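# Residue-level structure breakdown
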Amino acid sequence: MLNYARNYVWGTNQLCCLRNGIVTRFITTQEVATALRPFYFVVHPDLFGKFPEQRSTNEDSLQRLSAHLEALTKHRLLDTTPKTLPFYVRAQNTENTLVNVPLERTLDTKKVIKGILEACKLATDQVDKLQTDFESIYYAQEAQRSKKSRKNTSGFEKYDEFYGTGDEFQFFWYQASKKREETTLLPWIRKNRIEAIKRSDAKMLLTVEVNKLRDELSDRLKLKNLIYDCGWNLEHFRGCLKALERLHELHSSEMHNLTGRTVVFASFTGVSLEGNVMLFTGDVPTNWLELIKNLPKHDMYLMKIPAYEYALSQVLLKIRVARRKFMPKAQANAYTSHLRKVTTSLLDYLSMRKYPKTWPETLEDYELVVESEAGPLMISPTGQIVVPATHPGSLLVDFITNHLDEAKQKQLVYQSNKHLERDLEEKCIQNMRLLSLTKDDSVTPDKMIECLTRLLELDPDNVNLTNVHLHITNYFSVLADGTVCIPFDFKM
């Protein structure tokens, strides 16, 4: 029983861990949305139409919360996540209440969700009822045996020697990283390739059905495009399409605002900076309808963005105001607010002093990204200067002064790498006869280039990735749809 459970844990695409002799899995994205539904019902921005500032606060906080939760479902933490997020909670007969919702720095999603609900004085019954897939697999004697088996130089004692005494959850991560280090590419591919093709074939009929439904719905609503960008499985995409189809059948007269637009099933409901209509997959259809009805109001914010970006550019010596490819999705009204705050802070700075003499006459060769309400100042891997909206002008100027050379260097490296990366991707797809080749957002161009170069050095017949969807990320896995995931720094 114990060996079977271990093999099953490592063979699935859901990350699992050992706690007190019981194998448990991490909560899925769908379970997160279900558990937080009561929370969304009291903080959704559409409930605060008469309170613009409160609405803006909740929109920004929801976006950052969604990014944090999505990272948790991928078993990682974001460095930019704050300790708390401000939310206004809707009240029936009294004033709306401001609540600072805690975001604990833990990978225990269940604990994070419970903390959010408790902060808003909401019931946590749904969280408490969340079951794990493998509970009761181990009997008491198996648990005792597993504890004894750890007491050797390569197990828990060795972990304690390097990392100090820790709980079993920390020990799991130690074992997981050790397992990853021991896994090599070629044996793993030989072992899992057939399973990947089986899963891909099993999803083929569902893929055909989903594509047909998407095309029919796009034609019926006269959409420019219909995209799924939420990281959940194909069954959930189909559910979203059917929900939108039902909404059209019940409220066809209200759907004309979608004509010629791109609709994206995403992690929040609103309008993106590109003008796309974003529909949160965990939201109720009535909130989708409310957004669709008010699209003209959102478009007014979109029309203001170029003027706000131009104003910021002129204040900061004609710097180019840009956006990151993988930046968190933001709504137009929140983005205009962020631009205005940064511009104001710089004007306050200039009212007391001038920019440093070490700066060039113009910053038009540099790019600035205004990304969120709060977070760290940083230089992105592509050389962009990423700034939050709440930093004072003095800190922003000091940061730019100290990092102009770094930004320029990263720009030059990225410009040369992006073309090389594209060429290597095409060669890999052709040489290895892949169906597709993608990468995770966290894999930077230099890491991707190194990975692709090493793949091309291998004998295609020896690796045998023919007719496989390959995804470059940080771990080995075969997803439910048959996609093969391998780490960018794999060992042969």
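This part is about the overall build of the protein chain. Per the secondary structure count, the protein chain includes 18 helices and 16 strands. Across the protein chain, every contact between residues at least 6 apart in sequence was considered, and the portion connecting residues at least 24 apart equals 65%. Carbon together with sulfur atoms contributes 51% to the accessible area of the protein chain, which is approximately 25600 Å² in total.

So, about the sheet that holds strand E7 (residues 270–271). In spatial order, the strands read E5-E6-E8-E7; together these 4 strands make up an open sheet with mixed pairing. Single-partner strands in this sheet number two, and they are strand E5 (225–228) and E7. Contacting E5, strand E6 (262–266) and strand E8 (277–280), helix H12 (residues 234–250) crosses the sheet at an angle of about 140° to E5.

Evaluation of the coordinates by the stated rule reveals 9 salt bridges. For the salt bridge of Arg 199 with Glu 195, the shortest nitrogen-to-oxygen distance reads 2.9 Å. With Arg 199 and Glu 195 both in helix H10 (residues 185–202) and 4 residues apart, the pair spans about one turn of that helix. A salt bridge links Glu 309 to Arg 323; the nearest nitrogen and oxygen atoms lie 3.1 Å apart. Of this pair, Glu 309 sits in helix H14 (residues 295–315) while Arg 323 is found in the loop between strand E9 (320–321) and helix H15 (332–350), placing the two residues 14 residues apart along the sequence. Here Glu 309 falls in the buried class, since its relative accessible area comes to 14%.

What characterises a pair of aromatic rings is the spacing of the ring centres plus the angle enclosed by the ring planes. If you walk through the whole model with that rule in mind, you get 9 aromatic pairs. Each ring, one from Phe 39 and one from Tyr 40, has its centre 5.9 Å from the other, and the planes form 55°; the classification is tilted. Comparing Phe 39 with Tyr 40 shows no difference in burial state: the two are buried. With centroids separated by 5.0 Å and ring planes inclined at 45°, the aromatic side chains of Trp 188 and Phe 476 adopt a geometry described as tilted. Taken together, the residues Trp 188 in helix H10 and Phe 476 in the loop between strand E14 (469–473) and strand E15 (477–478) connect sequence positions 288 residues apart. Comparing Trp 188 with Phe 476, the two get one shared label, buried. Sitting over the ring of Tyr 366, Lys 408 keeps its end group 5.1 Å from the ring centre. Between the NZ or CZ atom of Arg 454 and the centre of the ring of Phe 490, over which it lies, the distance is 4.2 Å.

On to the side chain of Asn 58, then. As for its placement among the helices and strands, Asn 58 is situated in helix H4 (residues 52–73). The residues touching Asn 58, leaving out its near neighbours within four places in the chain, are Val 43, Pro 45, Phe 48, Pro 86, Phe 87 and Tyr 88.

So, on to helix H16 (residues 393–432). For H16, spanning 40 residues, the distance from its first C-alpha to its last is only 51 Å, which falls clearly below the expected 58 Å at 1.5 Å a residue. Along its length, H16 shows its largest kink, about 60°, at His 403.

In this structure, Leu 244, Leu 258, Phe 265, Leu 316, Leu 346 and Ile 385 are the most contacted members of the largest nonpolar core, which totals 58 residues. Residue contacts for Leu 316: discarding those within four places in its chain leaves Leu 346, Tyr 355, Trp 359, Leu 363, Leu 368 and Ile 400. Among the nonpolar cores identified, the runner-up in size contains 28 residues, and Leu 437, Met 448, Leu 470 and Ile 472 belong to it.

Read from one edge to the other, the open sheet built from 4 strands follows the order E9-E10-E12-E11, with strand pairing classed as mixed. Two strands close off the open sheet at either side, each with one partner strand: E9 and strand E11 (378–379). Alignment of E9 against strand E10 (residues 367–370), held across 2 bridges, turns out to be parallel. Residue pairing for E10: Arg 320 is matched across the bridge by Glu 367.

Working note: a packed helix pair is described by the angle between its axes plus the distance between those axes. Packing of helix H11 (residues 204–221) against H12 leaves a shortest axis separation of 10 Å and a crossing angle of 25°. In this view, H11 runs roughly parallel relative to H12, as classed from their interaxial angle. Here H11 and H12 pass one another in a crossing that is left-handed. For the pair H11 and H12, the contacting residues are Leu 206, Thr 207, Glu 209, Val 210, Leu 213, Arg 214, Leu 217, Arg 220 and Leu 221 in the first and Leu 234, Glu 235, Phe 237, Arg 238, Leu 241, Lys 242, Leu 244, Glu 245, His 248 and Glu 249 in the second. Considering only residue class, the contact of H11 with H12 consists of 9 nonpolar, 2 polar and 8 charged.

Right, let's get into the environment of Val 315. By the element assignment, Val 315 lies in helix H14. Separated by 35 residues in sequence, Val 315 and Leu 350 place their C-alpha atoms 9.0 Å apart. Leaving out residues up to four positions away in the same chain, Val 315 has contacts with Thr 343, Leu 346, Leu 347, Leu 350 and Tyr 355.

Turning to the packing of H12 against helix H13 (residues 285–293), a few remarks are in order. Across the interface, H12 lies against H13 with an axial gap of 10 Å and an inter-helix angle of 60°. It follows from the interaxial angle that H12 and H13 lie oblique. Viewed along their axes, H12 and H13 form a crossing whose handedness is right-handed. Counted together, Cys 240, Ala 243, Leu 244 and Leu 247 of H12 and Pro 285, Trp 288, Leu 289 and Ile 292 of H13 form the full contact between these two elements.

Looking now at the state of the cysteines. Tallied over the full model, the rule gives 0 disulfides. Free cysteine Cys 428: the closest other cysteine sulfur is in Cys 451, separated by 7.6 Å. Classification of Cys 428 by relative accessible area gives buried; the value is 1%.

Conventions adopted
- Residues numbered from 1 in each chain as written.
- Predicted model: local features only at pLDDT ≥ 70, side-chain atom pairs only at ≥ 80, totals over all residues.
- Heavy atoms only, no water.
- Helix = DSSP H or I, 4+ residues; strand = E, 2+ residues; numbered from the N terminus.
- Contact = heavy atoms within 4.5 Å.
- Areas by Shrake-Rupley, 256 points an atom, 1.4 Å probe, with all protein chains shown as cover.
- Pairing = 2+ DSSP bridges.
- Axes fitted to C-alpha atoms, helices over the stretch in contact; angles between N-to-C directions.
- Salt bridge = Lys/Arg side-chain N within 4 Å of Asp/Glu carboxyl O.
- Buried < 20%, exposed > 50% of the residue type's maximum accessible area, 1.4 Å probe, protein only.
- Phe/Tyr/Trp six-rings, centres within 6.5 Å; stacked < 30°, edge-to-face > 60°.
- Lys NZ or Arg CZ within 6 Å of the ring centre and 35° of its normal.
- Expected span 1.5 Å × (residues − 1).
- Bend = angle between axes of the 7 residues up to and from the residue.
- Core = buried A, V, L, I, M, F, W, Y, C linked by side-chain atoms within 4.5 Å.
- Parallel < 35°, antiparallel > 145°, perpendicular 65-115°, else oblique.
- Left-handed = near helix turned anticlockwise from the far one by under 90°.
- Nonpolar A, V, L, I, M, F, W, Y, C, P; charged D, E, K, R; others polar.
- Disulfide = S-S within 2.5 Å.

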